[in-house]
Amino acid sequence: MKTETTIQGLTASLSPARGARKMIGFVPTMGNLHQGHLNLVREARKLCDVVVVSIFVNPIQFGPNEDFENYPRTLVQDSQMLAEVGCDILFAPTVEQMYGTQPRLTNISVSGITNDLCGASREGHFDGVAVVVTKLFNMVQPNYAFFGEKDYQQLAVIRQLVQDLNIPLEVIGVPIARAEDGLALSSRNGYLTEQQRALAPNIYSSLKQAEQALQQGQALAEVLQQIKLNLTQVGFDVDYVAARSLKLVPVESFNQDTQLFVAAKLGTTRLIDNVFVKYTG
Ligand code: AMP
């Protein structure tokens, strides 16, 4: 595996693959890798000849009171994991390499879906994601790009961006990787105290209970309320519990395939998760 820290180095490393018209797969990450990230790399490995993974903690997608400074940076360990799973090129640029020294005057905003869910409580977050992902797409020029369903709204934003701007690549969504107790793997799980870590799987178990309740005919509003109650009772500070169509349109009742979403804090750690609920009529 090659590690590149500059755009020039990345371009040089990719040039033979481009010349030979090889399929390039790309997995953007912020590092502190876990099996969820590695599953994206494994998917890329299956579909592509050359796999590029980026590790970049993107300052412009963090709000002023968020965890940019404290975000876990574990490049040496990440690099070892990536080599083992078959990554060809690790791109780990500095903030200066990514954003240069001149002010950035261009913004990218995907409207509509970004005002909802995480977008409602994390102002500017998805603009920051859209900018960095577009820049990375232009640097890597992949044929396929891989994103986790853990960040379901982000995946929808990227799909919209790629469609609207005719970015010539295919976006592949990859299912959520979970710990044995159901907790969705996340770099932010490392912030949890032992006690909080023991409570955290309640998010997924509440979502799975809700799935069952819906399929047994319980009203959607009641089911959402029940999730909120469960989580609040054990000590979560719930940001949102929501039901949306697969394309993120609000749904009033359970009359189609539905995605359920939770964002909730344990202490200062914000966790998100979602499940798909099949509508069988
Ligand atoms: P991050 O490093 O948090 O920016 O995540 C990088 C990519 O990994 C994103 O596409 C995430 O959706 C994906 N990802 C993070 N956690 C998981 C998980 N538990 N399962 C699947 N994909 C994940």
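Conventions and cut-offs
- Residues numbered from 1 in each chain as written.
- Predicted model: local features only at pLDDT ≥ 70, side-chain atom pairs only at ≥ 80, totals over all residues.
- Heavy atoms only, no water.
- Phe/Tyr/Trp six-rings, centres within 6.5 Å; stacked < 30°, edge-to-face > 60°.
- Helix = DSSP H or I, 4+ residues; strand = E, 2+ residues; numbered from the N terminus.
- Buried < 20%, exposed > 50% of the residue type's maximum accessible area, 1.4 Å probe, protein only.
- Pairing = 2+ DSSP bridges.
- Axes fitted to C-alpha atoms, helices over the stretch in contact; angles between N-to-C directions.
- Contact = heavy atoms within 4.5 Å.
- Parallel < 35°, antiparallel > 145°, perpendicular 65-115°, else oblique.
- Left-handed = near helix turned anticlockwise from the far one by under 90°.
- Nonpolar A, V, L, I, M, F, W, Y, C, P; charged D, E, K, R; others polar.
- Near = heavy atom within 4 Å.
- Polar contact = N/O pair within 3.5 Å; in protein donor to acceptor, adjacent residues only side chain to side chain.
- Areas by Shrake-Rupley, 256 points an atom, 1.4 Å probe, with all protein chains shown as cover.
- 1 Å grid on protein atoms, 1.4 Å probe; cavity = no way out; pocket = protein on both sides within 12 Å on 5 of 7 lines; lining within 4 Å.
- Points joined across faces, edges and corners; volume = space filled by probe spheres on them.
- Domains from an automatic or database assignment.
- Buried area = accessible area lost by both parts, 1.4 Å probe.

Describing the packing of aromatic side chains
Alright, step 1. Applying the stated criterion across every chain, the model contains seven aromatic pairs.
Alright, step 2. An angle of 45° between the planes, with centres 6.1 Å apart, marks the rings of Phe-56 and Tyr-99 as tilted. Residue Phe-56 is found in the loop between β3 (50–55) and α3 (75–85), and its partner Tyr-99 is found in helix α4 (residues 95–99); the two are separated by 43 residues along the sequence. Here the two residues Phe-56 and Tyr-99 agree in accessibility, since each one is buried.
Alright, step 3. Where Phe-254 meets Tyr-279, the ring centres are 5.3 Å apart and the plane angle is 90°; that geometry is what we call edge-to-face. Placement of the pair is Phe-254 in the loop between β7 (237–244) and β8 (258–266) and Tyr-279 in the segment after β9 (269–277), with a sequence separation of 25 residues.
Alright, step 4. Looking at Tyr-279, the relative accessible area reads 32%, which means it is partly exposed.
Alright, step 5. Site record: aromatic cluster; members linked through ring pairs are Phe-26, Phe-137 and Phe-147.

Side note on the sheet that holds strand β5 (residues 144–148)
The strands that make up a sheet pair up through hydrogen bonds in the backbone, lying either parallel or antiparallel.
Alright, step 1. As summarised here, the arrangement of the six strands in space is β1-β4-β3-β2-β5-β6, forming an open sheet in which the pairing is parallel. Looking at the sheet topology across the chains shown, the edges are occupied by β1 (2–4) and β6 (170–174). If you compare each strand with its neighbour and ignore which way they point, the axes differ by 25° on average.
Alright, step 2. Strand direction decides the pairing type here: strand β2 (residues 24–29) and β5, joined by two bridges, are parallel. Bridged to Gly-25 within β5 is Tyr-144.
Alright, step 3. On top of the sheet, helix α1 (residues 7–19) reaches β1, β2, β3 and β4 (89–91); it is set at about 155° to β4, its chief contact.
Alright, step 4. Against the sheet, α3 engages β3 and β4, with an angle of about 165° to β3.

Here we look at the packing of helix α2 (residues 35–47) against α3
The axes of two packed helices give the description: the angle between them and the distance between them.
Alright, step 1. Running from amino to carboxyl end, α2 crosses α3 at an angle of 30°, the nearest separation of the two axes being 10 Å. In this view, α2 runs roughly parallel relative to α3, as classed from their interaxial angle. Crossing angle aside, the handedness with which α2 passes α3 is right-handed. For the pair α2 and α3, contact is made by Leu-38, Val-41, Arg-42 and Arg-45 and by Met-81, Leu-82 and Val-85, respectively.
Alright, step 2. Residues belonging to the contact of α2 with α3 are distributed by class as follows: five nonpolar, no polar and two charged.

As for the site of the ligand
Alright, step 1. Neighbouring the ligand are 17 residues; His-37, Gly-148, Asp-151, Ala-177 and Leu-185 lie closest to it.
Alright, step 2. Leu-185 is positioned such that a nitrogen or oxygen atom in its backbone is 2.8 Å from a nitrogen atom of the ligand.
Alright, step 3. Out of a free accessible area of 480 Å², the ligand has 93% covered by protein chains.
Alright, step 4. Elements with a contribution of two residues or more to the shell around the ligand: β2, α2 and β5.
Alright, step 5. Per element, the largest residue contribution to the shell around the ligand is three residues, and it comes from α2.
Alright, step 6. Split by residue class, the shell around the ligand holds nine nonpolar, six polar and two charged.

Let's talk about the layout of surface pockets
Alright, step 1. In this structure, the second largest pocket occupies an estimated 370 Å³ of space.
Alright, step 2. What lines the second largest pocket is a set of 13 residues, among which Leu-155, Ala-156, Arg-159, Gln-160 and Lys-247 lie closest to the centre.
Alright, step 3. Broken down by element, the residue count for the lining of the second largest pocket peaks at seven residues, all from helix α7 (residues 152–164).
Alright, step 4. Here the residues of the lining of the second largest pocket are counted per class, giving eight nonpolar, two polar and three charged.

What about the domain arrangement of the chain?
Alright, step 1. If you check the domain split of the chain, you get domain 1 (2–174) and domain 2 (187–274).
Alright, step 2. Placing the centre of domain 1 and that of domain 2 at their C-alpha centroids yields a distance of 27 Å.
Alright, step 3. Each side of the interface is counted separately: domain 1 has 21 residues, and domain 2 has 15 residues.
Alright, step 4. Buried area between domain 1 and domain 2, both sides added, is near 1,500 Å², and the carbon and sulfur share of it is 51%.
Alright, step 5. The three residues of domain 1 that bury the most area against domain 2 are Leu-117, Lys-150 and Tyr-152, which together make up 40% of that side's buried surface.

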